[in-house]
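Chain residues, written in single-letter form:
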Amino acid sequence: MMKSGIIKLVLPAFLLLAQIGHAQTPAPEKSDSNWFVYGLAAISLLIVIYIIVQVSENLMAIEAKRLGADKSGANFSLFPQMRELFDTKRPAYLSGQPLFSLRRGFDIKLEGEAPSQINAKVKSATYALMPANFRGIFPIPKMEVEVGSIVKAGDPLFHDKSQPEIKYAAPVSGEIVAINRGEKRAIKEVVILADMDMKYREFKAPDPGKCTREELVAFLLDSGVWPMIRQRPFDVTPAPEDVPRDIFISTFDTAPLAPDLNFVVEGRGEAFQKGLDVLGKLTVGKVYLGLDARGDNPPSAVFTQAAGVEKYWFRGKHPAGNVGIQIHHIKPINTGDKVWVMGVQEVITLGTLFTEGRFDTTRVVAVTGAELETPQYVKTHLGANLSDLLKGNLKGKHVRIISGDVLTGEHKAESAFLNYWDDQVTVIEEGDYFELFGWLIPGSLRPTLSRTYPNFLVPGAKFRADSNTHGEKRAFVVTGQYEQVLPMDLYPQHLMKAILAGNFEKMEGLGILELSEEDIALCEFACTSKQPLQHILRQGLDMMSEQS
Amino acid sequence: MHTAYDAFFTFAFTPKTVTTDGVHIRDGIDLKRTMVYVVLALQLCYLFGTYNIGYQHFDAIGLYPGLLDGLHLKLVYGLIKILPIFIVTHVVGLGIEFYYASRKGHGVEEGFLVTGALIPLLMPPDIPMWILAFSVAFAVIIGKEAFGGTGMNIVNIALLARVFVFFAYPTYIAGTRYGFPVLKK
């Protein structure tokens, strides 16, 4: 700030001297040229003033960034910014709470959104827990049950040999009907045939207000709720001795066709609040809640009235609802930091453990996609069977069933099970067709960021996307698309190249620790070169976690 | 051979490849479309460039002084000049691209479409064809393929070709053969 002060003083002084010097020269005969000289002087004066204003304004912005004061979204400029003048007004329900308006991002609008109503008829008969869903766990975990065992919801099914204290618990009660193995005898899924009336393992939950953190952790480990916590960076299950700097929860999902979490938490507010209370005991820092400020109406009162947490509001297109983006804006992950993240329904499961003393993995799942007869919400449990959820609802045979959303989900066979974290099933068309001159004159409109498609003529249109790649894989080209859809202060393309080159210092410097696959997924969607960015990022994260 | 077949096939049809892991849907844009749209955007420059070559020619010999006089003749003359440049650029450049693509076993990348459209716009219209072929080959091999192909180059290939001509053959492009009419007087 000193520098700008000096510039502010010195430059006008120079100008003044120049003016005086000029005034002392004898006046030319013609008055025309006099006017010309005065005009020039006036223009140069204006330019100098403009430069001073610009320099000092930029210095101010740099200083604000250095101090981190600009994170609040406040304007440190002398002038109002364009978005302040023309942006839609802050919603009234914010009432002065911190808001982040993210301008970068993209909403992929797809057909097949589920209406806010639960179809109670759809039930899944079998459920499964898949060791492959958990990162860092050995592919052949130590089984604690065998085929034919009877389990209650909450009974441990298996544990990792390196961390035996973390139990992976049965989501429902019933009989173990199969332990399916994959390549090299890795355990793919442990299938449970569910009871009609759920039986729960009895828990005597400690009072989070009175017990110590150690007792609480021991209880969570034993009850099977621990693996629901994910630790950033690297998106792994935390070790029992890890203490998080902060815990972050995003209360809205902006992914294509994602379930409306306001609808999902209806009637489960008490359990959610209890879950937040417990999380507050687990961290040395704070529990942060990312709230949705996109709509005209406030989100569910369960979120807005949540107590004991720090609330930040976010507005913008996808990926504004991703917890990684929110962490980046609220309090970024630096080297050595460990933060925990949890989904809303996982927090509810955690809370139910304390309010009702049982391991209740009820999940409201959105069954969505253009290839369904009726997109709908269903109430089921964790790891439900996909063929049961989709029975009689598929339009065609040639479809792709995805556990999760179209950006980050996993391609599943129809007989497979919903992944551990997923609260959404998406069904889209397989796109294995040739398209004549598809690169020049495509046969149908498709979701795209590119202005070479006339999509801007049909705002609000929804698309039937399929799994065609619409082009071949190419080398990275500097198009600026990644930066356009990633609301973070980092250079995704440079990062990807650093990962491919295996350069650790560069990877860390370019912010790999802040990223998770879901954050980069939209970049992968937009990529002209059809590069597998999520795959590359995971390679990089694995390299980094092996090093640390 | 397969590379060449593949290049022509994917020119006609978008392939039926589907996404595997990662995202399940992809943006409609691909490198072909990106590059072709740049070339389409350059067509206005081509139109004016073609006209300008003809205009300068007829201006030098003192015919059709008005801007629009003999418009068709000016355009035809411009085309006679620019088409050979366009063709030689593409034959040489794409030939090298195909060769390297088959050698390295990847698809023919579309980056040369834009380079090939820019070079005729940058070159002097009366450049000898052998110099043109030389400069294009130099630019593509040293400027791009030596660094690993499309997306890896550190200099602009079209500009490198122009720079090569400028430094290697200054006498051919700087007017010893024609000179300025004003200076002749």
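Residues numbered from 1 in each chain as written. Chains lettered and ligands numbered in written order. Predicted model: local features only at pLDDT ≥ 70, side-chain atom pairs only at ≥ 80, totals over all residues. Heavy atoms only, no water.

**Q** Hey, could you run me through the overall build of chain B in this one?
**A** Scanning chain B for helices and strands turns up nine helices and one strand. Reading chain B from its N terminus to its C terminus gives the helix and strand order α-β-α-α-α-α-α-α-α-α. The principal-axis extent of the C-alpha atoms belonging to chain B is close to 70 × 35 × 25 Å. Scored against the burial criterion, the 185 residues of chain B give a buried share of 42%. Counted over contacts in chain B with a minimum sequence separation of 6, partners at least 24 positions apart contribute 67%. Summing over all exposed atoms, chain B offers an accessible surface of approximately 10000 Å²; the carbon and sulfur share of this is 73%. Charged side chains of chain B number 13 positive and 11 negative; the gap between the two group centres comes to 8 Å. (Helix = DSSP H or I, 4+ residues; strand = E, 2+ residues; numbered from the N terminus. Buried < 20%, exposed > 50% of the residue type's maximum accessible area, 1.4 Å probe, protein only. Contact = heavy atoms within 4.5 Å. Areas by Shrake-Rupley, 256 points an atom, 1.4 Å probe, with all protein chains shown as cover. Lys, Arg positive; Asp, Glu negative; His and termini not counted. Charge placed at Lys NZ, Arg CZ, Asp CG, Glu CD.)

**Q** What is the right way to read the pairing of strand E16 (residues 399-403) of chain A from this model?
**A** Look at any regular strand and the pattern is simple: side chains alternate between the two faces of the sheet. Residue and element names in this part refer to chain A. Across the five residues that make up E16, a large majority, five, are buried. Of the two faces of E16, both are covered, the one formed by Val399, Ile401 and Ser403 as well as the one formed by Arg400 and Ile402. Sheet analysis places E16 next to strand E18 (residues 424-429), joined by five bridges and oriented antiparallel. Across the sheet, residue Ile401 finds its bridge partner in E18, namely Val427. (Pairing = 2+ DSSP bridges.)

**Q** How should the sheet that holds strand E10 (residues 247-250) of chain A be read in this particular structure?
**A** Whether parallel or antiparallel, the strands of a sheet pair through hydrogen bonds between backbone atoms. Residue and element names in this part refer to chain A. Pairing in this open sheet of six strands is mixed, and the strands run E1-E12-E11-E10-E13-E9 from one edge to the other. The outermost strands of the open sheet, each flanked by one partner alone, are strand E1 (99-101) and strand E9 (230-232). Pairs of neighbouring strands in the sheet enclose a mean axial angle of 30°, with direction left out of account. Judged from the three bridges that link them, E9 and strand E13 (residues 339-342) form a sheet pairing that is antiparallel. By the bridge assignment, Arg232 is partnered in E13 with Val339. Against the sheet, helix H9 (residues 344-355) touches E10 and E13, its axis set at about 90° to E13. (Axes fitted to C-alpha atoms, helices over the stretch in contact; angles between N-to-C directions.)

**Q** Explain the nonpolar core here, please?
**A** One recurring pattern in soluble globular proteins: nonpolar side chains tend to sit buried together. Residue and element names in this part refer to chain A. One finds Leu157, Leu220, Ile249, Phe272, Leu276 and Leu279 to be the most contacted residues of the largest nonpolar core, which totals 85 residues. Look past the residues within four positions of Leu279 in its chain and what remains in contact with it is Ile247, Ile249, Val287, Met342, Val347 and Leu350. By size, the runner-up hydrophobic cluster in this structure holds 55 residues, among which are Leu257, Leu522, Phe525 and Leu537. (Core = buried A, V, L, I, M, F, W, Y, C linked by side-chain atoms within 4.5 Å.)

**Q** Teacher, can you tell me more about the confidence of the model for chain B here?
**A** When pLDDT drops low, the exact placement of atoms in the prediction is not to be read closely. Averaged over all residues, the pLDDT of chain B equals 86, while 93% of them reach at least 70. Helix H6 (residues 129-144) of chain B holds the highest mean pLDDT among the elements of chain B, 94, whereas helix H9 (residues 181-184) of chain B holds the lowest, 47. (pLDDT = per-residue confidence, 0-100.)

**Q** What should I look at first to understand the packing of helix H12 (residues 492-501) of chain A against helix H15 (residues 533-547) of chain A in this one?
**A** In a packed pair of helices, the relevant descriptors are the angle between the two axes and the axis-to-axis distance. All names here are of chain A. At a minimum axis distance of 9 Å, the contact between H12 and H15 shows a crossing angle of 55°. By the criterion of interaxial angle, the relationship of H12 to H15 is oblique. As H12 packs across H15, the resulting crossing turns out to be left-handed. Between H12 and H15, the contacting residues are Leu495, Met496, Ile499 and Leu500 on the first element and Leu533, Ile536, Leu537, Gln539, Gly540 and Met543 on the second. (Parallel < 35°, antiparallel > 145°, perpendicular 65-115°, else oblique. Left-handed = near helix turned anticlockwise from the far one by under 90°.)

**Q** Honestly, the side chain of Glu435 of chain A in this entry has me stumped. Any pointers?
**A** Its location among the elements puts Glu435 of chain A in strand E19 (residues 435-436). Polar side-chain contacts of Glu435 of chain A include one of 2.9 Å to the side chain of Arg446 of chain A. (Polar contact = N/O pair within 3.5 Å; in protein donor to acceptor, adjacent residues only side chain to side chain.)

**Q** Looking at this structure, how should I read the interface of chain A and chain B?
**A** Interfaces are frequently sized by the accessible area removed from exposure as the parts join. Taken residue by residue, the interface counts 56 residues in chain A and 36 residues in chain B. Summing both sides of the interface, chain A and chain B together bury roughly 4000 Å²; the carbon and sulfur share of this comes to 57%. Looking only at chain A, the three residues that lose the most surface to chain B are Phe434, Trp439 and Arg474 of chain A, adding up to 21% of its buried area. Between Arg26 of chain B and Glu524 of chain A there is a salt bridge, and its shortest N-O distance comes to 3.7 Å. In terms of residue count, helix H14 (residues 517-526) of chain A provides more of the side of chain A that touches chain B than any other element does, four residues in total. As defined by bridge partners, E19 of chain A adjoins strand E1 (residues 13-14) of chain B across two bridges and the pair is classed as antiparallel. Looking at E1 of chain B, one finds that Leu436 of chain A is bridged to Phe13 of chain B. (Buried area = accessible area lost by both parts, 1.4 Å probe. Salt bridge = Lys/Arg side-chain N within 4 Å of Asp/Glu carboxyl O.)

**Q** How should the packing of aromatic side chains be read in this particular structure?
**A** We describe a pair of aromatic rings using the distance from one ring centre to the other and the angle between the two ring planes. All names here are of chain A. Applying the stated criterion across every chain, the model contains 28 aromatic pairs over all chains. Aromatic side chains Trp226 and Trp340 sit 5.4 Å apart centroid to centroid with 85° between the ring planes, which places their arrangement in the edge-to-face category. With Trp226 in the loop between helix H4 (213-223) and E9 and Trp340 in strand E13, this residue pair connects regions lying 114 residues apart in the sequence. As far as the burial class goes, Trp226 and Trp340 line up, both buried. An angle of 75° between the planes, with centres 5.4 Å apart, marks the rings of Phe272 and Phe303 as edge-to-face. Of this pair, Phe272 sits in helix H6 (residues 269-282) while Phe303 sits in helix H7 (residues 301-304); the two residues are 31 residues apart in sequence, bridging distant segments of the chain. Site record: aromatic cluster; members linked through ring pairs are Phe100, Phe248, Tyr288, Tyr312 and Phe314. (Phe/Tyr/Trp six-rings, centres within 6.5 Å; stacked < 30°, edge-to-face > 60°.)

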